[in-house]
Amino acid sequence: MPPMPPMTKALLLICTAVFCAQALLGGYLPLTAWLALWPLGSGNFMPWQLVTYAFLHADLGHIFFNMLGLWMFGSELERLWGGKRFLQFMAAGVLSAAACQLIISPIFGSYAPTIGISGGLFALLLAYGMLFPDRTIMPLFPPIPMKARTFVLVFGLIELGMGVAGMMGVAHFAHLGGMLGGWLMIRYWRGQPPFPRRRRW
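Position labels on residues start from 1 in each chain and follow its written sequence. Note on the predicted model: pLDDT of at least 70 is required for a residue's local features to be given, and 80 or more for side-chain atom pairs to be given and counted; whole-chain, interface and lining totals, by contrast, use all residues. The basis for every side-chain value is the complete set of heavy atoms in the structure, and neither hydrogens nor water enter the calculation.

K.L.:
How would you summarise the packing of aromatic side chains if you had to cite specific residues and measurements?
P.N.:
The criterion for an aromatic pair is that two Phe, Tyr or Trp rings (for Trp, the six-membered ring) have centres within 6.5 Å, with stacked assigned to planes under 30 degrees apart, edge-to-face to planes over 60 apart and tilted to the rest. Enumeration according to the criterion identifies ten aromatic pairs in this entry. Considering the side-chain rings of Phe 64 and Phe 65, the 5.1 Å spacing of their centres and the 80° angle between planes classify their relative orientation as edge-to-face. For every residue, the accessible area (1.4 Å probe, protein chains only) is compared with the maximum for its type, and the residue is labelled buried under 20%, exposed over 50%, or partly exposed between those bounds. Owing to a relative accessible area of 46%, Phe 64 belongs among the partly exposed residues under this scheme. Looking at Phe 65, the relative accessible area reads 40%, which means it is partly exposed.

Shown next as structure tokens:
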């Protein structure tokens, strides 16, 4: 197994360290009050939360599956892109997920904070499916082997269905926003519409 690339490792360590700090400080507070992404109408929103929310996680299962996905998909994509481009891509996913959540929250009347790096992870899933569409993936749930493009399509449709159904507790539209940000970043790198033509990627 090749060594984990540095930026992927750094994100894993930062998220784990912040999660430990959350546990030591009593779960959500006070880190959530400062760093989670609060809706615009809540009175708690601050600009830095567009980034910092991604480093917080709700519980052990939340951080475990996010870190597992980051390791599985992020490592290979960072080896392909390099650290700088990998961080740019993760930033696009995290920021677009945050923007989508801020737009959707008032529509559903939700004023709960959003936490987790899932938006960036869903951007990675999309990129993996676009770059390695015929790779076989064995997800934990369900444990059925499927091609990467099928995996991405299935998860995207599940998130869309859950979001439209109004299932609360998970930021489904933030996940879709992360995928949108990843798709737009790849289009930008390739010089494809809606972006001007640039050097080939």
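Additional details are given in the paragraphs that follow.
K.L.:
Break down a nonpolar patch on the surface for me, with residues and values.
P.N.:
Patch membership requires over 30% relative accessible area and the absence of a salt bridge. Like charges are linked within 9 Å, and nonpolar side chains (Val, Leu, Ile, Met, Phe, Trp, Tyr) within 5 Å. Under the convention used here, a 1.4 Å probe and the Shrake-Rupley method define accessible areas, while residue burial counts only the protein chains that appear. Each reported salt bridge corresponds to a side-chain nitrogen of Lys or Arg within 4 Å of a carboxyl oxygen of Asp or Glu. Taken together, Trp 34, Met 46 and Trp 48 make up a surface patch of nonpolar side chains, about 360 Å² in accessible area. Put simply, DSSP H or I for four residues or longer makes a helix, DSSP E for two residues or longer makes a strand, and each gets a number counted from the N terminus. If you trace the backbone, Trp 48 turns up in the loop between helix H2 (31-35) and helix H3 (49-52). Overall, the relative accessible area of 47% leaves Trp 48 in the partly exposed class.

K.L.:
Please set out the packing of helix H5 (residues 83-108) against helix H8 (residues 172-190) residue by residue, giving values where relevant.
P.N.:
Running from N to C, H5 and H8 point in directions that differ by 140°, and their axes come no closer than 7 Å. As the angle between them shows, H5 and H8 are arranged oblique. In this structure, the crossing between H5 and H8 has a hand that is right-handed. Every residue of H8 that contacts H5 at Arg 85, Gln 88, Phe 89, Ala 92, Gly 93, Ser 96, Ala 97, Cys 100, Gln 101, Ile 104 and Phe 108 is listed here: Phe 173, Ala 174, Gly 177, Gly 178, Gly 181, Gly 182, Met 185, Ile 186 and Trp 189. Only the contacting stretch of a helix is used when fitting its axis, a line to C-alpha atoms as for every element, and angles between N-to-C directions run 0 to 180 degrees. Roughly parallel means an angle under 35 degrees; roughly antiparallel means over 145; roughly perpendicular covers 65 to 115; every other angle is labelled oblique. The sense of a crossing depends on the near helix, which, turned anticlockwise from the far helix by less than a right angle, makes the crossing left-handed and, turned clockwise, makes it right-handed. Contacts are assigned to residue pairs with any non-hydrogen atoms lying within 4.5 Å of each other.

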